[in-house]
Amino acid sequence: MATQIFTNISLLANTRNNVDFVRGKELSVLPSIQNAYIVIEDQIISEIGKMEDCRYIKEGTDLAVNTIVLPCWCDSHTHLVFAGSREDEFIDKIKGLSYSEIAAKGGGILNSAKKLNETSENELFNLAWKRLEEVTKLGTGAIEIKSGYGLSLEGELKILRVIKKLKEKSPLKIKATFLGAHAFPAAYKENHQAYIDCIINEMLPVIAKDKLADYIDVFCEKGFFSAEEMKMICEAGKTYGLKPKLHVNQLNSIGGIETGIALDALSLDHLETVTDKEIELLGGFEGYATLLPGAAFFLRSEMPPAKRLIEAGAAITLASDYNPGSSPSGNMNFIVSLGCIQMKMLPEEAINAATINGACAMEIQKDYGSIAVGKKANLIFTEPVPSLYYLPYLFGNNLIDKVMINGSFT
Ligand code: NIG
Ligand code: FE
């Protein structure tokens, strides 16, 4: 069995060994060990502790002074499988068009769907593989990936097969979410029910039979899917064992939170536009409130009210929303910085939200999301830094020296 020992780690961050999510005030507590060592047997963390108790002074590899080791990011909301890019819309936005206006003129999600349907499965896989390698270098060790740029039986199956292949070939832990209800294809604009029937009667049975998804998602938004339509689709998904992880309250509050809670969603994601009443509901919600500050930053929307949600007791998660339209970056280091800079989260809160709570929002907290004995050795080794706070503070810099996935440096 291959054993690796690293000694003189200036800080081992997020060493919680319980597998529970962190909510409300507890988010500001980040259990850590100063001047620490770690032992890894094969893929698994087998021992951690303080240097003064370390029995492996001789065998251990001393890390450079001021190296911090953190658990890899657990990015619980992405749309990483897509074809082409949408920088023309980026310019449209600079010139003043809104996200909804761009969508209304055939841009947005429908634009990406057109490109995806014209791209071969192989090509799509290669594009996604490259992005996965990129985010791994940036410290992501587990990731959720949604479909939603197919919007046809063939297109949705194609994108989900690509995600399945990524799961098989990548050392990263990957969860797949079926988002056939991302937008209504142009042909169904006047007949929503026909597309919903296609999702329920044509797509879902094949997806379930071929085990192509772990979760189901719906974009609940004005001009997209109503809360009632979301309910219909999620109830059908649940009969196949797919728990909802939902896009709600990005641009408007149209009942998605209340309906999502009634559906026992695993997570409610976005939340840029929330009422006082909804913040209170999220405070008592059993699942996760996933915030995507990259999308709010890119679209110049209000940031989700992270502090108020934390005060209400919510279990906040931070994720990248990596997609070509509203967040063309999967850099979780920047997301953590945005959490601190734009949403006034403490670094401890942001790191908990991007690691253990991210893992919980993918139901993989038993093996991922913190540095604890028995968990997978998915670790970020930083460049020498004066303190943990330096990471979000020096936004836009890559302060990662090495990333370890399942006990191997990438
Ligand atoms: O999470 N809002 C819906 N879906 C994506 C954006 C998709 C796109 O614009 O391509 C999001 O922001
Ligand atoms: Fe999204």
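All values reported here derive from a predicted model rather than from experimental measurement. (Residues numbered from 1 in each chain as written. Chains lettered and ligands numbered in written order. Predicted model: local features only at pLDDT ≥ 70, side-chain atom pairs only at ≥ 80, totals over all residues. Heavy atoms only, no water.)

A. Inspection of the layout of surface pockets at higher detail. Taken as a whole, the largest pocket holds about 370 Å³ of empty space. Here the lining of the largest pocket is built from residues that sort into eight nonpolar, seven polar and two charged. Lining the second largest pocket are 15 residues, and of these Glu133, Thr136, Lys137, Val403 and Thr410 lie nearest its centre. At the level of elements, helix 4 (121-137) and strand 15 (400-405) are the ones that each hand at least two residues to the lining of the second largest pocket. Counted by class, the lining of the second largest pocket contains seven nonpolar, four polar and four charged residues. Mapping the lining of the second largest pocket onto the domain boundaries places at least three of its residues in each of domain 1 (4-71 + 369-409) and domain 2 (74-360). (1 Å grid on protein atoms, 1.4 Å probe; cavity = no way out; pocket = protein on both sides within 12 Å on 5 of 7 lines; lining within 4 Å. Points joined across faces, edges and corners; volume = space filled by probe spheres on them. Nonpolar A, V, L, I, M, F, W, Y, C, P; charged D, E, K, R; others polar. Helix = DSSP H or I, 4+ residues; strand = E, 2+ residues; numbered from the N terminus. Domains from an automatic or database assignment.)

B. Representation of unusual backbone geometry in the model. Positive phi outside glycine occurs at asparagine 14, with the angle close to 60 degrees. For asparagine 14, the position within the fold is in the loop between strand 1 (3-13) and strand 2 (32-41). Backbone geometry at aspartate 42 places phi at a positive 55 degrees, although glycine is not the residue there. Considering the arrangement of structural elements, one finds aspartate 42 in the loop between strand 2 and strand 3 (44-50).

C. Here's a closer look at the coordination of the iron ion (ligand 2). Around the iron ion (ligand 2), the protein supplies His77 (NE2), His79 (NE2), His247 (NE2) and Asp321 (OD) as donor atoms, at distances of 2.1 to 2.2 Å. Positions of the donor residues of the iron ion (ligand 2) along the chain correspond to the pattern H-x1-H-x167-H-x73-D. With histidine 79 in the loop between strand 6 (73-75) and helix 1 (87-94) and aspartate 321 in the loop between strand 13 (316-318) and helix 12 (332-341), the pair connects residues that are 242 residues apart, well separated along the chain. We classify aspartate 321 as buried; its relative accessible area is 1%. (Donors = N, O, S within 2.8 Å, 3.2 Å for Na, K, Ca; no water. Buried < 20%, exposed > 50% of the residue type's maximum accessible area, 1.4 Å probe, protein only.)

D. Geometry of the pairing of strand 11 (residues 267-270). As paired elements, strand 10 (residues 243-248) and strand 11 share four bridges and run parallel to each other. Within strand 11, the residue paired with leucine 246 across the bridge is leucine 268. Each parallel crossover has a hand, and for strand 10 linked through helix 8 (residues 256-262) to strand 11 it is right-handed. Examined bridge by bridge, strand 11 and strand 12 (residues 288-291) share three bridges and lie parallel to one another. Bridged to serine 267 within strand 12 is tyrosine 288. The β-α-β motif built from strand 11, the intervening helix 9 (residues 276-284) and the parallel element strand 12 has right-handed crossover chirality. (Pairing = 2+ DSSP bridges. Right-handed = clockwise from strand over helix to strand, strands pointing away.)

E. Just the pattern of salt bridges, in detail. One pass over the full model with this rule turns up 15 salt bridges. Arginine 161 is the salt-bridge partner of glutamate 154, the closest N and O atoms lying 3.7 Å from each other. Measuring nitrogen to oxygen at the nearest pair gives 3.0 Å for the salt bridge that ties aspartate 210 to lysine 209. By relative accessible area, which is 30% here, aspartate 210 ends up partly exposed. Each of Glu121, Glu154 and Arg161 takes part in a single network of salt bridges with overlapping partners. (Salt bridge = Lys/Arg side-chain N within 4 Å of Asp/Glu carboxyl O.)

On their own, these measurements won't tell you what the molecule is for.
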